[in-house]
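The residues making up each chain are set out below.
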Amino acid sequence: MGSSSLSEDYRLCLERELRRGRAGVCGDPSLRAVLWQILVEDFDLHGALQDDALALLTDGLWGRADLAPALRGLARAFELLELAAVHLYLLPWRKEFSTIKTFSGGYVHVLKGALSEDLLLQSFQKMGYVPRDNHRLMMAALPPACQLVQVALGCFALRLECEILGEVLARLGTSVLPAEELLQARRASADVASCVAWLQQRLAREEEPPPLPPRGSPTVYRTPLDLYRDLQEDEGSEEASLYGGASPGPDSPPPELACGPALWEQSAKLWGAGGGAWEPLGEAEVLPQAGSPPYGALEEELEPEPAAFSFLSLRRELLSQPGDMAAPQTPGSPGQASPQSPGYQVHSCLAPGALPGLCCDTCRQLHAPHCAALPTCRPGHALRPLLSDAQRRLWLRRAQVDTLLYDGPGAQP
């Protein structure tokens, strides 16, 4: 099946759902299954779809310590970009879709947390948007309908690609590996199983992965988001929007996405209320593109690093709670103490002086990223990646103190 045939099937799916009173990203299970299978067997289909897959995936995954949450954030971003293109194709006359706010709402919380500013701008330019100023994108000229369908289909393929990569990581048993190795294996493989086998052989030759370049974590998706509302509208409201209007509208059938509930399913204020038709901007109204601040400066701040480590304060804390050290709680079990030893230990996989990459809050052990014992922890234990060197050093020191307090001579029970 060629890209033109896929585009026609995708267009018919959108129009069929619109006649049923639902508008949104593609949720047809049969088309999804067909496209998934084609992509698994032929990564080069992305080239035929002109979706810039390699550039976008490399940008979104580069420097991420844990690729699984990064892929979920990317899938959410591609879903939102697909929705923007679908809006312009199905409802081009709606005035609120002519402006996208770049300082609030879904643009900040979903898109900037996953992709760089330059690639976001390129994606919106394919839909006909141009920078009006530093705070908004405006529709200059609506592209042909076939181009909007092609852009939306490309975003649909990209979020399916995120699911395929997520399946590879799930079968591999680890998501802590360099992004370039995952993408290289994906492009060189004709199915998920061969991709997993390629990565297993590669990881077996490397005791420790190469250091990752620094980069922030993808933004956690907490509230219903879309693209269109102003910053002042976000304040005091549980919903943020991409455009500028707010009124309830039709929902779309939820596709079975690995990234979580469908975006349009959560937003009750996606559609505007009866706005007039928008007019294309004149040449004088389109301002030259302003320089954007660095990508890293636009991402949400990471959680602050712990204060300077103090053996004395930690010793007082541990000795004051000898039966239930104040260890991080596993999700879903607040207030319940682990039945294991109250102290954390360094697993035998860590060489002397090596920094841990993962912490198991159930076994209370620190592991190297590719420890052979991790498969026994993953099914039911609470594993956390240690993202920064400062965090890794802090946990290593904590384990050393625990060893002195609980295993050394005169240790309290």
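Residues numbered from 1 in each chain as written. Predicted model: local features only at pLDDT ≥ 70, side-chain atom pairs only at ≥ 80, totals over all residues. Heavy atoms only, no water.

1. As for the pairing of strand E3 (residues 136-139)
Stage number 1. Where strand E1 (residues 99-101) and E3 come together, three bridges link them in antiparallel fashion. Bridging from a neighbouring strand, Thr 99 pairs with Met 138 of E3. (Pairing = 2+ DSSP bridges. Helix = DSSP H or I, 4+ residues; strand = E, 2+ residues; numbered from the N terminus.)

2. Some remarks on the environment of Val 86
Stage number 1. Along the chain, Val 86 falls in helix H5 (residues 67-90).
Stage number 2. For Val 86, a relative accessible area of 1% gives the class buried.
Stage number 3. When the C-alpha positions of Val 86 and Val 149 are compared, they lie 7.2 Å apart, and in sequence the two are 63 residues distant.
Stage number 4. Excluding its chain neighbours within four sequence positions, the residues that come into contact with Val 86 are Tyr 10, Leu 14, Gly 24, Leu 91 and Ala 152. (Buried < 20%, exposed > 50% of the residue type's maximum accessible area, 1.4 Å probe, protein only. Contact = heavy atoms within 4.5 Å.)

3. Side note on the nonpolar core
Stage number 1. Grouped together as the largest cluster of nonpolar side chains are 78 residues, with contacts concentrated most on Tyr 10, Leu 111, Phe 124 and Met 127.
Stage number 2. The contacts of Tyr 10, once residues within four sequence positions are left out, are Cys 26, Leu 31, Glu 82, Val 86, Val 149, Ala 152, Leu 153 and Phe 156.
Stage number 3. If you look at the next biggest cluster of nonpolar residues, it comprises eight residues, including Tyr 344, Leu 350, Cys 359 and Ala 368. (Core = buried A, V, L, I, M, F, W, Y, C linked by side-chain atoms within 4.5 Å.)

4. Things to note about the sheet that holds strand E7 (residues 383-385)
Stage number 1. With respect to topology, four strands assemble into an open sheet ordered E4-E6-E5-E7, the strand pairing being mixed. Edge strands, defined here as strands with exactly one partner in the open sheet, are strand E4 (345-346) and E7.
Stage number 2. In the sheet, strand E5 (residues 358-360) pairs with strand E6 (residues 365-367) via three bridges, with the strands oriented antiparallel. Each residue of the ladder has a partner; that of Leu 358, found in E6, is His 367.

5. A look at helix H2 (residues 29-41)
Stage number 1. Taking 1.5 Å per residue, 13 residues should reach 18 Å; H2 reaches 19 Å between its end C-alpha atoms and fits that length.
Stage number 2. By the burial criterion, the buried members of H2 are Leu 31, Arg 32, Leu 35, Ile 38, Leu 39 and Val 40.
Stage number 3. Turning to H2, the residues buried within the fold contact helix H1 (3-19), helix H3 (45-49), helix H8 (145-172), helix H9 (179-187) and helix H10 (192-204). (Expected span 1.5 Å × (residues − 1).)

6. Remarks on the side chain of His 347
Stage number 1. Mapped onto the elements of the fold, His 347 is located in the loop between E4 and E5.
Stage number 2. When its relative accessible area of 16% is taken as the criterion, His 347 is described as buried.
Stage number 3. Other than its neighbours up to four places away in sequence, His 347 contacts Gln 365, Leu 366, His 367, Cys 371 and Ala 373.

7. What to know about the pairing of strand E2 (residues 129-133)
Stage number 1. Where E2 lies against E3, four bridges are found, and the strand directions are antiparallel. Residue pairing for E3: Val 130 is matched across the bridge by Met 138.
Stage number 2. Hairpin geometry of E2 and E3 is characterised by an intervening segment of two residues between the two adjacent antiparallel strands.

8. Some words on the pattern of salt bridges
Stage number 1. Here the structure, examined in full by the defined rule, presents 15 salt bridges.
Stage number 2. With a closest N to O distance of 2.9 Å, Glu 167 and Arg 171 form a salt bridge. You can see Glu 167 and its partner Arg 171 sitting in helix H8, four residues apart, about one turn around the helix.
Stage number 3. Using a relative accessible area of 29% as the deciding quantity, one classes Glu 167 as partly exposed.
Stage number 4. Arg 171 gets classed as partly exposed once you look at its relative accessible area, which sits at 49%.
Stage number 5. Connected through shared salt-bridge partners, Glu 8, Arg 11 and Glu 15 make up one network. (Salt bridge = Lys/Arg side-chain N within 4 Å of Asp/Glu carboxyl O.)

9. Some thoughts on the packing of aromatic side chains
Stage number 1. Overall, the coordinates contain four aromatic pairs when judged by the stated rule.
Stage number 2. Ring plane angle 35° and centroid distance 5.8 Å describe the contact between Tyr 10 and Phe 156, whose orientation is recorded as tilted. Of this pair, Tyr 10 sits in helix H1 while Phe 156 sits in helix H8, placing them 146 residues apart in sequence.
Stage number 3. For Phe 156, a relative accessible area of 1% corresponds to the buried category.
Stage number 4. Seen from their ring centres, Tyr 107 and Phe 124 are 5.9 Å apart, and the 25° between their planes marks the pair as stacked. (Phe/Tyr/Trp six-rings, centres within 6.5 Å; stacked < 30°, edge-to-face > 60°.)

10. Structural notes on the sheet that holds E2
Stage number 1. With respect to topology, three strands assemble into an open sheet ordered E1-E3-E2, the strand pairing being antiparallel. Where the open sheet ends on each side, the last strands, each with one partner, are E1 and E2. Averaged over all pairs of adjacent strands, the angle between strand axes in this sheet comes to 30°, irrespective of strand direction.
Stage number 2. On the sheet, helix H7 (residues 117-125) packs against E1, E2 and E3 and is oriented at approximately 120° with respect to E2. (Axes fitted to C-alpha atoms, helices over the stretch in contact; angles between N-to-C directions.)

11. Focus on the confidence of the model for the protein
The predicted coordinates should not be examined in detail at positions where pLDDT is low.
Stage number 1. With 64% of its residues at a pLDDT of 70 or more, the protein shows a mean pLDDT of 74.
Stage number 2. pLDDT under 50 marks residues 215-224. Its contacts with residues more than four places away, or in other chains, come to 31 contacts.
Stage number 3. Considering only residues more than four positions removed or in separate chains, one finds that residues 230-240, a stretch of pLDDT under 50, has 27 contacts. (pLDDT = per-residue confidence, 0-100.)

12. Side note on H1
Stage number 1. Relative to the 24 Å expected for 17 residues at 1.5 Å per residue, H1 spans 24 Å between its end C-alpha atoms, a close match to the ideal helical length.
Stage number 2. Turning to H1, the residues buried within the fold contact H2, H3, H5 and H8.
Stage number 3. Looking one or two places after H1, you find Gly 21, whose phi comes out positive at around 90°.

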